[in-house]
Amino acid sequence: MKKHLLSIVALAVALLTSTVADAQVHFGVKAGLNLSSLSLSGDLASNLKTSNQAGFFVGATVDASIPLVGIGADASILYDQRSGKIDNGTDTETAKIRYISIPINVKYSIGLADMANVYVATGPQFSFNLDKGNVLDNVSHKDVKAADFFWNVGAGVTLLNHLRVGYTYNIPISKTVDETGYSLKNKTHQVSLTYLF
């Protein structure tokens, strides 16, 4: 019995090792559209209104997948520009944020071999603010965070192993601005186009 159990364990380890060794890695370029919604909270938040604004992102990506299993991961480094409008009843101010963003996602794909597959993905995103202190005219340097942390959920389709169209929602975990009277979080919908070499 022990010999059979050891044989099964050894076979499982050998299959797992060979599968990981056969992992496919692709590099690519990624670009897309941001639609940001600024979420306000705090004592002054009731006097402020926000509206969605479009932005964009572009950068490099790496994608790794394990054939037949459907599990993979991707990571990117992106120039990421977002914006939103804040209205206090008398003035409207545009909040502009430029990040270097690093999303790291785990994916599960199902599909038709090399022709097409659909996937779902989730993972953390670390975004480093390039405009610290300049997001809003009336916000001091100390109130704007140097980095934001998001959790991503998304889905998409990959065609012919090279062209990927995806949707991602960035759930804000951290606050972009934490000022006396109100705080601001940046919720963003993203539509992306990726070409894998």
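Report follows, based on the coordinates. (Residues numbered from 1 in each chain as written. Predicted model: local features only at pLDDT ≥ 70, side-chain atom pairs only at ≥ 80, totals over all residues. Heavy atoms only, no water.)

## Regarding the pattern of salt bridges
One pass over the full model with this rule turns up four salt bridges. The residue D63 makes a salt bridge to R164 at a minimum N-O spacing of 3.0 Å. Pair noted here: D63 is in strand β2 (residues 49–65) and R164 is in strand β7 (residues 163–172), with a separation of 101 residues, a long-range link. Across the pair, R164 and D63 agree in class, each one buried. A network of salt bridges, in which partner residues are shared, links D63, D74, K107 and R164. (Salt bridge = Lys/Arg side-chain N within 4 Å of Asp/Glu carboxyl O. Helix = DSSP H or I, 4+ residues; strand = E, 2+ residues; numbered from the N terminus. Buried < 20%, exposed > 50% of the residue type's maximum accessible area, 1.4 Å probe, protein only.)

## Things to note about the packing of aromatic side chains
In this structure the tally under the stated criterion is four aromatic pairs. Ring centres of F56 and Y79 lie 5.8 Å apart, and the angle between their planes is 45°; this geometry places the pair in the tilted category. Here F56, found in strand β2, pairs with Y79, found in strand β3 (residues 71–87); they are 23 residues apart in sequence, far enough to count as distant. Overall, F56 belongs to the partly exposed group, its relative accessible area being 36%. Here the aromatic rings of Y195 and F197 are separated by 5.4 Å at their centres, their planes lie at 75°, and the arrangement is edge-to-face. Relative accessible area serves as the criterion here: at 39%, Y195 is assigned to the partly exposed category. Relative accessible area serves as the criterion here: at 56%, F197 is assigned to the exposed category. (Phe/Tyr/Trp six-rings, centres within 6.5 Å; stacked < 30°, edge-to-face > 60°.)

All we've got here are geometric facts, nothing functional implied.
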